[in-house]
Amino acid sequence: MTFEETKRTGTAEQLEELLSSDVYIDNLEFWERAWSGVKAPYTQLPDLAYLTRIPDTLKQRSVRSVLDLGCGTGWLSIYLAKHEFAVTGLDISRHAIKLGREWAEKEDLDIHFDVGDIADMPYPDGLFDAVVANSIFEHFPFEVARATLQKLKTVLIPGGTFIGCFDKVGGGPGEYFELQDKTHVYTDKARKGMLLRYYNDHDLGQIFSGWKVDIIDELDSGTRFIVAFS
Ligand SMILES: C[S@@+](CC[C@H](N)C(=O)[O-])C[C@H]1O[C@@H](n2cnc3c(N)ncnc32)[C@H](O)[C@@H]1O
């Protein structure tokens, strides 16, 4: 189903209701609050088993332009720009993007950073060869994840590449209530507004409908590393 088709179905109404709900808005505000305490970007690369597979896969696919979804302060954008990809980073947090811009400038890297909501991506069709999404989708309710993956098919070139990881989440401490789709909405002081949802294999099959999923590797941590083509 394309994003436009999704909009014409009942799920489109659910999606619009969700995106304008207090739950969703509180979630966006959570991220700005969470990032506001960070004074400088953490410039160490995270210790991820799949890290080098990201540029390797992009190179195998002759990718040039990459969208880093939910880039935070931009470690993955910086890492990929150092591998000579043309990178755009998108994040909802103004402060995280400000830190990402400062970091890129220090490294003398030409990275384009945008502040914006992934659920409302401001990009024309076919702008990117690939998208990377590290630890992002588990922060979205099911319909937002599904619509975003459908929308991504349009901002990528036909046959474009998706590389992402979906973390195993939901078992940790904290107070929350559950939405009908099993998304946890946190209510304790530290994480008030944050959303977490675990995507099982069945869910992944649904949100990647219409994609050609090439790799789903489950790591020891339970994180799934996914490569798919639009
Ligand atoms: C767990 S962090 C991951 C950050 C980065 N990708 C990484 O690997 O460190 C989730 C990121 O998604 C961003 N985010 C959450 N919801 C978003 C939305 N609706 N639109 C854009 N960014 C969003 C947050 O601000 C945060 O930077």
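Above: the structure in question.
No experiment lies behind these values; they were computed from the predicted model shown.

(A) Up close: the pairing of strand β5 (residues 156–166). The element β5 is largely enclosed, with a buried count of 8 among its 11 residues. The parallel pair strand β4 (residues 128–134) and β5, bridged by helix α7 (residues 142–155), forms a crossover whose chirality is right-handed. Pairing of β5 with strand β10 (residues 224–229), which is carried by 6 bridges, proceeds in the antiparallel orientation. Its bridge partner being in β10, Gly164 is matched across the sheet by Ile226.

(B) Quick look at unusual backbone geometry. In this model, Ser135 sits at a positive phi of 55°, which is unusual for a non-glycine residue. With respect to the element layout, Ser135 can be found in the loop between β4 and α7. Phi angles above zero are rare outside glycine, and Lys182 is one such case at about 80°. Structurally, Lys182 can be placed in the loop between β6 (176–178) and β7 (184–186).

(C) Structural detail: the site of the ligand. In the vicinity of the ligand there are 18 residues, among which Gly70, Asp91, Asp117, Ile118 and Asn134 approach most closely. Here Trp75 contributes a side-chain N or O atom positioned 3.0 Å from an oxygen atom of the ligand. Between an oxygen atom of the ligand and a side-chain N or O atom of Asp91, the distance comes to 2.6 Å. For the ligand, the accessible surface in isolation is 590 Å², of which the surrounding protein chains cover 89%.

(D) Looking closely at the nonpolar core. Counting 36 residues, the largest nonpolar core has Leu69, Phe137, Leu152, Phe162 and Phe208 as its most contacted members. Secondary-structure elements contributing two or more residues to this core are α2 (10–19), α3 (22–36), β1 (65–69), β4, α7, β5, α8 (201–207) and β10. Take this core: its biggest share by element is 7 residues, from α7. Core analysis: the second largest hydrophobic core is formed by 27 residues, Ile54, Trp75, Tyr79 and Phe113 among them.

(E) Representation of the packing of aromatic side chains. The tally for this structure, following the rule as stated, stands at 13 aromatic pairs. Connected via pairs of aromatic rings, a cluster forms that spans Phe137, Phe140, Phe142, Phe162, Phe166, Tyr199, Phe208 and Trp211. Lying over the aromatic face of Tyr186, Arg191 brings its terminal NZ or CZ to 4.2 Å of the ring centre. One residue, Arg197, lies across the ring of Tyr199, its end atom 4.6 Å from the ring centre.

(F) Broad picture of the environment of Asp125. By the secondary structure assignment, Asp125 is in the loop between β3 (112–115) and β4. By relative accessible area, which is 61% here, Asp125 ends up exposed. Residues Asp125 and Lys151, spaced 26 residues apart in sequence, show a C-alpha to C-alpha distance of 9.3 Å. Not counting chain neighbours up to four residues away, the residues in contact with Asp125 comprise Thr154 and Val155.

(G) Local environment of the packing of helix α4 (residues 53–60) against helix α5 (residues 75–82). Where α4 meets α5, the axes come as close as 10 Å, and the angle between the chain directions of the two elements is 50°. When the axis of α4 is compared with that of α5, the two are oblique. Here α4 runs over α5; the crossing is right-handed. Residues Ile54, Pro55 and Leu58 of α4 form the contact with α5, whose participating residues are Leu76, Tyr79 and Leu80. Of the residues in the contact of α4 with α5, the class split is 6 nonpolar, no polar and no charged.

Analysis parameters
Residues numbered from 1 in each chain as written. Predicted model: local features only at pLDDT ≥ 70, side-chain atom pairs only at ≥ 80, totals over all residues. Heavy atoms only, no water. Buried < 20%, exposed > 50% of the residue type's maximum accessible area, 1.4 Å probe, protein only. Helix = DSSP H or I, 4+ residues; strand = E, 2+ residues; numbered from the N terminus. Right-handed = clockwise from strand over helix to strand, strands pointing away. Pairing = 2+ DSSP bridges. Near = heavy atom within 4 Å. Polar contact = N/O pair within 3.5 Å; in protein donor to acceptor, adjacent residues only side chain to side chain. Areas by Shrake-Rupley, 256 points an atom, 1.4 Å probe, with all protein chains shown as cover. Core = buried A, V, L, I, M, F, W, Y, C linked by side-chain atoms within 4.5 Å. Phe/Tyr/Trp six-rings, centres within 6.5 Å; stacked < 30°, edge-to-face > 60°. Lys NZ or Arg CZ within 6 Å of the ring centre and 35° of its normal. Contact = heavy atoms within 4.5 Å. Axes fitted to C-alpha atoms, helices over the stretch in contact; angles between N-to-C directions. Parallel < 35°, antiparallel > 145°, perpendicular 65-115°, else oblique. Left-handed = near helix turned anticlockwise from the far one by under 90°. Nonpolar A, V, L, I, M, F, W, Y, C, P; charged D, E, K, R; others polar.

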